[in-house]
Amino acid sequence: MACFDTAFHHDKPPVAARLPLPRAFHEQGIRRYGFHGLSYEYIARRLREIDPVLAAGRVIAAHLGNGASLCAMRDSKSIDTTMGFTALDGLMMGTRCGAIDPGVVLHLQTQLGMSAADVEDLLYRKSGLLGVSGISSDMRTLSDNSGPEAEEAIELFCWRVAREAGGLIASLGGLDAFVFTAGIGENHADVRRRICERLAWSGLRIDESANRGSALRISVPNSPVAVLVIPTDEERMIALHTLKVVREDRS
Ligand code: AMP
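Since the model is a prediction, treat every value here as computed from it, not as a measurement. As a convention, each chain's residues are numbered from 1 in the sequence order in which they are written. Per-residue local features are limited, in this predicted model, to residues with pLDDT of at least 70; the limit for side-chain atom pairs, both in listing and counting, is 80 or more; totals at the level of whole chains, interfaces and linings are taken over all residues. Remark: hydrogens and water are excluded; side-chain values derive from all non-hydrogen atoms of the structure.

A few words on the sheet that holds strand E3 (residues 77-81). A strand pair is defined by DSSP finding two or more bridges across the two strands. Comment: elements are numbered from the N terminus, with helices defined as DSSP H or I runs of at least four residues and strands as E runs of at least two. The mixed open sheet is built from five strands, whose spatial order is E3-E2-E1-E4-E5. With partners counted over all chains shown, the strands left at the sheet margins are E3 and strand E5 (226-229), one partner each. In this sheet, adjacent strand axes meet at a mean angle of 25° when their direction is disregarded. With seven bridges joining them, strand E1 (residues 58-64) and strand E2 (residues 68-74) adopt antiparallel strand pairing. Counted as the bridge partner of arginine 58 is arginine 74 from E2. For this analysis, residues touch if any pair of their heavy atoms sits within 4.5 Å. Here an axis means a line fitted to C-alpha atoms, over the contact stretch when the element is a helix, while the angle between two N-to-C directions is reported on a 0 to 180 degree scale. Sheet contacts for helix H8 (residues 148-172): E1, E2, E3 and strand E4 (177-181); angle to E2, the most-contacted strand, approximately 20°. Packing of helix H10 (residues 189-198) onto the sheet brings it into contact with E1, E4 and E5, and relative to E4 it is tilted by some 155°.

Another aspect to go through is the packing of helix H2 (residues 37-50) against helix H12 (residues 234-250). Two elements in contact, H2 and H12, have axes whose closest approach is 8 Å; the angle formed by their N-to-C orientations is 85°. When the axes of H2 and H12 are compared, the pair comes out roughly perpendicular. On the side of H2, the interface is formed by Leu38, Ser39, Glu41, Tyr42 and Arg45, while H12 contributes Glu234, Arg236, Met237, Ile238, Leu240 and His241. Grouping the amino acids of the contact of H2 with H12 by side-chain chemistry returns five nonpolar, two polar and four charged. An angle below 35 degrees is read as roughly parallel, one above 145 as roughly antiparallel, one from 65 to 115 as roughly perpendicular, and any other as oblique. Three residue categories are used. Nonpolar comprises Ala, Val, Leu, Ile, Met, Phe, Trp, Tyr, Cys and Pro, charged comprises Asp, Glu, Lys and Arg, and polar comprises the others, including Gly.

Here we take up H2. What a helix is expected to span follows from its residue count: subtract one and scale by 1.5 Å. Helix length check: H2, at 14 residues, gives a terminal C-alpha distance of 20 Å against a target of 20 Å (1.5 Å per residue), a fit within 8%. Those residues of H2 not exposed but buried are Gly37, Leu38, Ser39, Tyr40, Tyr42, Ile43, Ala44 and Leu47. For the exposure calls, accessible area comes from a 1.4 Å probe over protein chains only, and a residue counts as buried if that area is under 20% of its type's maximum, exposed if over 50%, partly exposed in between.

Once that is clear, we can look at the environment of alanine 210. The topology assignment puts alanine 210 in helix H11 (residues 208-212). Residues alanine 210 and alanine 189 lie 21 residues apart in sequence; the distance between their C-alpha atoms is 9.4 Å. Other than its neighbours up to four places away in sequence, alanine 210 contacts Ala215, Arg217 and Ile218.

On to the site of the ligand. We call a residue near a given molecule or strand whenever any one of its heavy atoms falls within 4 Å of it. In the region of the ligand, the neighbouring residues are Gly65, Asn66, Asp138, Met139, Arg140, Ala182, Gly183, Ile184, Asn187 and His188. Polar contact is defined as a pair of N or O atoms within 3.5 Å, subject to the rule that within protein one atom must be able to donate a hydrogen and the other to accept it, and that residues adjacent in sequence are counted only when both atoms are side-chain atoms. The contact in question runs from an oxygen atom of the ligand to an N or O atom on the side chain of aspartate 138, over 2.6 Å. Within the contact set of the ligand, an oxygen atom lies 3.0 Å away from a backbone nitrogen or oxygen of arginine 140. Compared with its free state, where it exposes 500 Å², the ligand has 71% of that area covered by protein. Elements with a minimum of two residues in the shell around the ligand: helix H7 (139-143) and helix H9 (182-187). Top contributing element to the shell around the ligand by residue count: H9, with four residues. Each accessible area is a Shrake-Rupley result for a 1.4 Å probe, and residues are judged covered by the shown protein chains and nothing else.

Let's shift gears to the side chain of aspartate 51. Take aspartate 51: it is sitting in the loop between H2 and helix H3 (52-55). Within the structure, the side chain of aspartate 51 is placed 3.0 Å from the side chain of arginine 217, a separation counted as a polar contact.

The following block contains the structure:
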């Protein structure tokens, strides 16, 4: 039994799948797939149970853990996401850089003489929160550190989430709900507050005491955009897919 973490994004609009490269590359599969699909599928399902009206609207889900991405959903379906051909694209992560100017990669190889393996190691395992702070890839460790490098890494992480969310709000044509999930999204009130403050222009208004308590709904009652904290469960999603196949096999 195999569950692809890309499957949830499969039917997004063609424009969100295409990279601006010559057509032949698209034909051979070099396109934007998107990841964290099992997590987003679970969040879409939970949101339908919690608030079907919101689930039918324009939603951004933010999976913020060691790996991090955003997914724009309309009527519970993915229409855009920040990860692309690989899980390296989009947001800054624990040790991954996220989106960077591809010219940097060329510079590292042609001017600094780094091998492809060294560049891969740098971008996947030495960048992100770890690379910027020089301390740790772990958000909790950085929050407990009073040094300016830790603060700079946390601020950059939040800035990039807000910046990418702005792009997804354009893809959605507006926003009705924003959902935080995964290790940082579910637990880190200060990161949630910083992101919501940066997105206040789009209508996110949070109740700081609800946010501190990681309540299910952390927005104020009259917030134009609902803000929720929903724990993800990718394992349950895999189990549900497996059960479906097993049942179909029996019938
Ligand atoms: P994940 O990959 O979903 O397990 O998330 C890992 C990230 O979540 C790490 O950066 C952790 O520091 C962060 N995290 C996990 N638990 C907490 C917590 N209670 N408070 C703040 N951050 C947390």
